[in-house]
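# Examining the three-dimensional arrangement
Spelled out, the chains give:
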Amino acid sequence: MEEITDILLEKIKDAELVLVGIGEEFQESMPKMEEDADFLVLLKRMEKEEEDAWMYPYLRKTYMDMHCGDKTGKAYNILENLLDGKNYFVVSTRTDDYIYKTKILKERIVTPCGGYQFCRCGGGCNKQLYPADRQLPGRVYDYCMEKEAAQKLKPPICPVCGQKLAFNLAGEPGYIEEGYLPQWNQYMKWLQGTVNKRLCVLELGVGMKYPTVIRWPFEKVVFFNQKSNIFRVHSKLYQLAEEIRDRGYKVEKKPIDFLINGFV
Ligand SMILES: [Zn+2]
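Here the residue index of a chain counts from 1 through its sequence in written order. Residues qualify for local features only when their pLDDT is at least 70, as the model is predicted, and side-chain atom pairs are given and counted only at 80 or more; totals for whole chains, interfaces and linings, by contrast, use all residues.

## Things to note about the overall build of the protein
Secondary structure counts use DSSP, requiring at least four H or I residues in a row for a helix and at least two E residues in a row for a strand, with both numbered from the N terminus. If you tally the helices and strands in the protein, you get eight helices and nine strands. In terms of overall dimensions, the protein is globule-like: its C-alpha atoms have a radius of gyration of 20 Å, near the 18 Å expected for 264 residues. Its C-alpha atoms give the protein principal-axis dimensions of roughly 60 × 40 × 30 Å. For every residue, the other C-beta atoms within 10 Å of its own C-beta are counted; 20 or more classify it as buried, 12 or fewer as exposed, and values in between as partly exposed. C-beta atoms are placed from the backbone. Buried positions account for 33% of the 264 residues belonging to the protein. Here, residue contact means that the backbone-derived C-beta atoms of the two residues sit within 7 Å. A separation of at least 24 residues holds for 67% of the contacts in the protein among residues at least 6 apart in sequence. We compute the radius of gyration from the C-alpha atoms alone; for a globule the expected value is 2.2 Å times N to the 0.38, where N is the number of residues.

As structure tokens, then:
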């Protein structure tokens, strides 16, 4: 029997366009920050002073970066190779921003759930996005570690009203979706260009957290495009609707493991 990875390679090679969806399962397994002994100490230190409460998301960002290691990098590397030379678009609901460190072209990525690259006014006084201070997560970490050189930190402030800035993350009150709309429009335009073309759709760990962003629209695209295929990779939610089953391949695996183990 032909390996699923061989079929995928074949379909991508044959496709004129490749559409990739990256979802919540596309991440290395990591314990909760609150269960990590070192970070628990840091959190306790941070909680000592109420005025330091704003640091929590910065600490979380540092924690995620420390746990996004070799496997994530390797998996993205394989994805880069799969997409190399193809006309592709990647929709990702991940908010870890890791994809922006890869060779995948920024103009071919949309991350509609936001991330840690931009902040917004925590008070919601305006809809402006402000580039986040990239050094701050590391400095917050040092501060909570009580490193001697670490100085008392102040939260970034909205230049309009003076309230604290917050990361622009979907699911949190005040999320500004305008931030991703220009890229979303690019994606929509690209999608229109897939009509009647040979399209390969690859879903990597897309579950039911935001089904209206990737999962359901992708199914619809595949349903209407007779020249399309879909590969749905997920450890649990790999099932395919009956209407698209004849052009679909389900892979009961975690997406990072699938990539790393399947394409070495
Ligand atoms: Zn403001």
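Read on, since the account is not over.
## With respect to the sheet that holds strand S7 (residues 199-204)
Strand order in the open sheet formed by six strands is S3-S2-S1-S7-S8-S9, with parallel pairing between adjacent strands. Looking at strand neighbours, the two that pair on one side only are strand S3 (109-110) and strand S9 (248-251), the edges of this open sheet. In short, DSSP must find at least two bridges between two strands for them to pair.

## Some details on the nonpolar core
By size, the foremost hydrophobic cluster in this structure holds 38 residues, and its most contacted members are Val 18, Val 20, Val 90, Val 201, Leu 202 and Leu 204. Taken together, the elements giving at least two residues each to this core come down to strand S1 (17-22), helix H4 (70-83), strand S2 (87-92), S3, S7, helix H7 (215-224), strand S8 (228-233) and helix H8 (255-262). Considering every element that reaches this core, the biggest residue donor is S7, with five residues. Filtering out sequence-adjacent residues up to four positions away, Val 90 remains in contact with Val 20, Ile 22, Ile 99, Ile 104, Arg 108 and Ile 109. Counting residues in hydrophobic clusters, the runner-up holds ten residues, among them Leu 42, Tyr 63, Tyr 141 and Tyr 143. To define a nonpolar core, we join buried Ala, Val, Leu, Ile, Met, Phe, Trp, Tyr and Cys residues through C-beta atoms within 7 Å and take the resulting set.

## Section: unusual backbone geometry
Of note, Asp 97 is a non-glycine position whose phi angle comes to about 65°, a positive value. The topology assignment puts Asp 97 in the loop between S2 and S3. On the neighbour-count criterion, Asp 97 (19 C-beta atoms within 10 Å) is partly exposed.

## Things to note about the sheet that holds strand S5 (residues 130-131)
The sheet built from three strands is open, its strands ordered S5-S4-S6 with antiparallel pairing. The sheet terminates laterally at S5 and strand S6 (165-169), the two strands that pair on one side only.

## Observations concerning the environment of Tyr 98
Within the secondary structure layout, Tyr 98 lies in the loop between S2 and S3. Assessed through the 21 C-beta atoms surrounding it within 10 Å, Tyr 98 is described here as buried. Separated by 33 residues in sequence, Tyr 98 and Asp 65 have C-alpha atoms that sit 8.6 Å apart. Leave out the neighbours within four places in its chain, and Tyr 98 touches Cys 68, Thr 72 and Tyr 76.

## What to know about the domain arrangement of the protein
Along its sequence, the protein is carved into domain 1 (1-28 + 69-113 + 179-264) and domain 2 (30-67 + 115-169). Taking the mean C-alpha position of each, domain 1 and domain 2 sit 31 Å from one another. Facing eight residues of domain 1, the contacting portion of domain 2 comprises ten residues. We call Asp, Glu, Lys and Arg charged. Ala, Val, Leu, Ile, Met, Phe, Trp, Tyr, Cys and Pro are nonpolar, and the rest, Gly among them, are polar. The residue makeup of the side of domain 1 that touches domain 2, split by class, is one nonpolar, four polar and three charged. All the domain ranges listed were derived from an automatic or database domain assignment.

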